[in-house]
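# An overview of the molecular structure
Given next are the chains, with one letter for each unit.
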Amino acid sequence: MPARVTLVDVATEAGVSVGTASRALSGRGDLAPATRRRVLAAARGLGYTRDPSAGGRPAGTARLVDLVLGSYHNAYSDEVTAGARSAAAAAGYDLVLTEERDTPDDDWPMRIRRRGSAGVVLGLISPTASQLAAITDAEIPVVLMDPQAETSRGLASVRTTDRDGAFGAATHLAERGATRFAIVLGSPPFRYGRARNAGFREGLRMAAPGADLAAVQADWSGAAAREAALPLLRGLRAGDRLGVFACTDEMAAGVYAAAAATGRRIPDDVLVVGFDDLRGARWLTPPLTTVRQPIREMAAAAVTALADAAAGAALAPSPIVLPTQLIERGST
């Protein structure tokens, strides 16, 4: 029978003291992130199982769910937080807001381990393998909300029908009399952006075969979308009606700004469809036609899945997919 792997073995493999290895595994102490990652990798490689009584709160013992986002200062995160908070309260959990910082010393996975959270929702971020391992090695369940990559690494995820929503946007623009078409794509091309691009192109092939389609890229911001759309709008000929699909509402607002700068009228010269249906969409002039993704419901579904997992249910590796809906307003 093979000998049980001990803390001493882990410390030796990682090249640190036993005390340092203990602090790294329990999430205690002020350690360099690289040191902590090295210890966790050694423990994982050796198959070390730490006794929960050795320090740090065991996973799932706190009635907490962590929501990890890259930012909490925008309309999207407000919707996510509202949906997650409501679902957590309904299940008898408190919601902890954790902001991922793009710095080498950001130690948010270890903070989650120390809290003994019942589960973690990761929204619109791409955690590293070591960050995920720090959570999953502690047997804390994880749900990815709107993952940026195609692969979810075997983790549960919640997403929406990006492709179908964009397909409907193309059909709608063709039905409203657009004679030329454009799509404003986000860069880098995350999973959902690629799906929206493919869906729009497929819908346009069905609704307007052979139609003129221009594609421009912007960095997912309104200001960049404005600059990308300016040449398209300046190039409109008399009688043209340009149907524009922007991959987010914020980018659609950039198209509005480009239209104002070039003297083009919405929806007479330019028809615009966005994606998200965030609160600002209806306050644009004219109000924005957009593809609504059920952001609050997606966040609630992620938290509910974690609460069910804490009660003993298995997290399914197949995605939870909630449908989009085209919301018609004045921009088309």
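In case you missed it, the structure is sitting above this.
Residues numbered from 1 in each chain as written. Predicted model: local features only at pLDDT ≥ 70, side-chain atom pairs only at ≥ 80, totals over all residues. Heavy atoms only, no water.

## Quick look at the packing of helix H5 (residues 108-115) against helix H6 (residues 129-136)
One can describe the packing of H5 onto H6 by two numbers: an axis separation of 9 Å at closest approach and a directional angle of 5 degrees. In this view, H5 runs roughly parallel relative to H6, as classed from their interaxial angle. Facing H5, whose interface residues are Trp-108, Pro-109, Met-110, Ile-112 and Arg-113, H6 presents Gln-131, Ala-134 and Ile-135. Residue composition of the contact of H5 with H6, by class: 6 nonpolar, 1 polar and 1 charged. (Axes fitted to C-alpha atoms, helices over the stretch in contact; angles between N-to-C directions. Helix = DSSP H or I, 4+ residues; strand = E, 2+ residues; numbered from the N terminus. Parallel < 35°, antiparallel > 145°, perpendicular 65-115°, else oblique. Contact = heavy atoms within 4.5 Å. Nonpolar A, V, L, I, M, F, W, Y, C, P; charged D, E, K, R; others polar.)

## Let's talk about the sheet that holds strand E2 (residues 94-99)
Strand order in this open sheet of 6 strands is E2-E1-E3-E4-E5-E11, and the pairing throughout is parallel. The open sheet has two free edges, formed respectively by E2 and strand E11 (320-322), since each of these has just one partner strand. Strand after strand, the sheet turns through a mean of 20 degrees between neighbouring axes, direction not considered. When strand E5 (residues 156-160) meets E11, the two strands line up parallel, connected through 3 bridges. (Pairing = 2+ DSSP bridges.)

## A look at the sheet that holds strand E9 (residues 270-276)
Within the open sheet, the 6 strands sit side by side as E7-E6-E8-E9-E10-E12. Their pairing is mixed. Every interior strand has two partners, whereas the edge strands, strand E7 (213-218) and strand E12 (325-327), have only one. Adjacent strand axes in the sheet meet at a mean angle of 20 degrees, parallel and antiparallel pairs treated alike. As paired elements, strand E8 (residues 242-246) and E9 share 4 bridges and run parallel to each other. Within the sheet, the bridge partner assigned to Leu-242 lies in E9 and is Val-270.

## Notes on helix H7 (residues 162-175)
For H7, with 14 residues, the first-to-last C-alpha span of 20 Å sits near the 20 Å given by 1.5 Å per residue. Residues Asp-162, Gly-165, Ala-166, Ala-169, Ala-170, His-172 and Leu-173 constitute the buried set of H7. Each buried residue of H7 sits inside an arc of 165 degrees when the element is viewed along its axis, so together they form one side. Those residues of H7 that are exposed and angled more than 90 degrees off the buried face are Asp-164 and Glu-175. Count one or two residues on from H7 and you reach Gly-177, which has phi positive near 95 degrees. (Expected span 1.5 Å × (residues − 1). Buried < 20%, exposed > 50% of the residue type's maximum accessible area, 1.4 Å probe, protein only. Arc of directions from axis to C-beta.)

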